[in-house]
Amino acid sequence: MCKLKRIVHSIVLMTIFLSLFSACQDEFAQPQVLKKKALVLGFAQLGDESGWRSGNTISIQKAASDGNIQLMFSNAEQKQENQIKAIRSLIAYRVDVIAFAPIVENGWDNVLTEAKQAGIPVFLTDRYIRTDDAGLYACYIGSNFQEEGKRAARFLKKKFADEDRTINIVELSGTVGASPALGRSEGFYKELSDDSKFKIITSQSGDFMRSKGKEVMNNMLKKYRNIDVLYSHNDAMTLGAIDAIENAGIRPGKDIVIISIDGEQAAIDLLKIGKINCVIECNPMLGPTIVDTAKKLVRGESVPKNIYSEEKVFTEWDDLTDLPPRGY
Ligand code: GYE
């Protein structure tokens, strides 16, 4: 009995020793850097409504894996309440930093205050928010939507420079209350306001989606016989609108001048064959800047409040034969 006790005792001691030894070995064998926890970035994406959005998501996922950070990604399927819930889960999970693409401008103060109280830095990507407290977010990374609208208007002024008649414009706008929809309208109207020949006969939302773009354009074509220009806030809606225009026996790019925003490959291809007249670039490849900014914020470094992408305008007057594939 006593002998058995001694054997058990030595086995226990041996086990403790071995586990301590292997723990020490780990301590010595593993370089400090490998033991450090990877930075966790929580990203609340707004949905998957367009080719632009898919390109944006892929860019973020790739940059996170290239940058060795852990990404907690969610898709709100076009609903603000889903996005707010996703941000709340990221706060509960205590991620190191949160980024999100706000589907609309208003309604973020409460959840951002919760993140601030939890000490988690938050930054905006792709779209802006409206708030009285700019201290609720660290920075914005994305495009200047007013400028995109102005660029669209400048193309029109040039295109119709020699014409003296009224130019009737229909506007297919993006998601109601979303900053790209608001900015693209505002910039466009402002830039056209000094020339009274341009008349916006209607503006309707196609929610940045191809199917809705087609549906809204169909209705516009039934109601208005005299459309000279389609100004569309994104390529997805433009592609749908072109289906509707062609189904009605009208020639896109000839009978109706078309301006689109984003610069997806599909839109550039239609520009090359004359079915679109102008494409204003909006760059979705924000991943590398997002990851870089996340790292800086976690290190406590300061970042510029607005980080805008550099973007181009492609028109029917440009030689686009050497334009590299767009990647979205
Ligand atoms: O233009 C559109 C997308 O927020 C800038 O959203 C983005 C817009 C983009 O669905 O295609």
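These remarks concern the structure in this document. (Residues numbered from 1 in each chain as written. Predicted model: local features only at pLDDT ≥ 70, side-chain atom pairs only at ≥ 80, totals over all residues. Heavy atoms only, no water.)

Residue alternation in strand β10 (residues 278-281) divides its side chains into two sets, Cys278 and Ile280 and Val279 and Glu281, and both sets are buried. Both strand β9 (residues 257-262) and β10 contribute to a ladder of four bridges, which runs parallel. What sits directly across from isoleucine 261, in β10, is isoleucine 280. Crossover connection from β9 via helix α10 (residues 265-272) to parallel β10: handedness right-handed. The pairing of β10 with strand β12 (residues 313-315) spans three bridges and is antiparallel. By the bridge assignment, valine 279 is partnered in β12 with phenylalanine 314. (Buried < 20%, exposed > 50% of the residue type's maximum accessible area, 1.4 Å probe, protein only. Helix = DSSP H or I, 4+ residues; strand = E, 2+ residues; numbered from the N terminus. Pairing = 2+ DSSP bridges. Right-handed = clockwise from strand over helix to strand, strands pointing away.)

For the rest of this paragraph, the subject is the site of the ligand. For the ligand, the set of nearby residues contains 13 residues, the closest of which are Glu49, Asp126, Arg127, Asn234 and Asp262. Within the side chain of serine 50, one N or O atom sits 3.0 Å away from an oxygen atom of the ligand. Separating an oxygen atom of the ligand from a side-chain N or O atom of arginine 127 is a distance of 2.7 Å. With the chains in place, 100% of the 300 Å² that the ligand exposes on its own is no longer accessible. Elements with a contribution of two residues or more to the shell around the ligand: α3 (51-66) and α7 (179-192). Residues belonging to the shell around the ligand are distributed by class as follows: five nonpolar, two polar and six charged. (Near = heavy atom within 4 Å. Polar contact = N/O pair within 3.5 Å; in protein donor to acceptor, adjacent residues only side chain to side chain. Areas by Shrake-Rupley, 256 points an atom, 1.4 Å probe, with all protein chains shown as cover. Nonpolar A, V, L, I, M, F, W, Y, C, P; charged D, E, K, R; others polar.)

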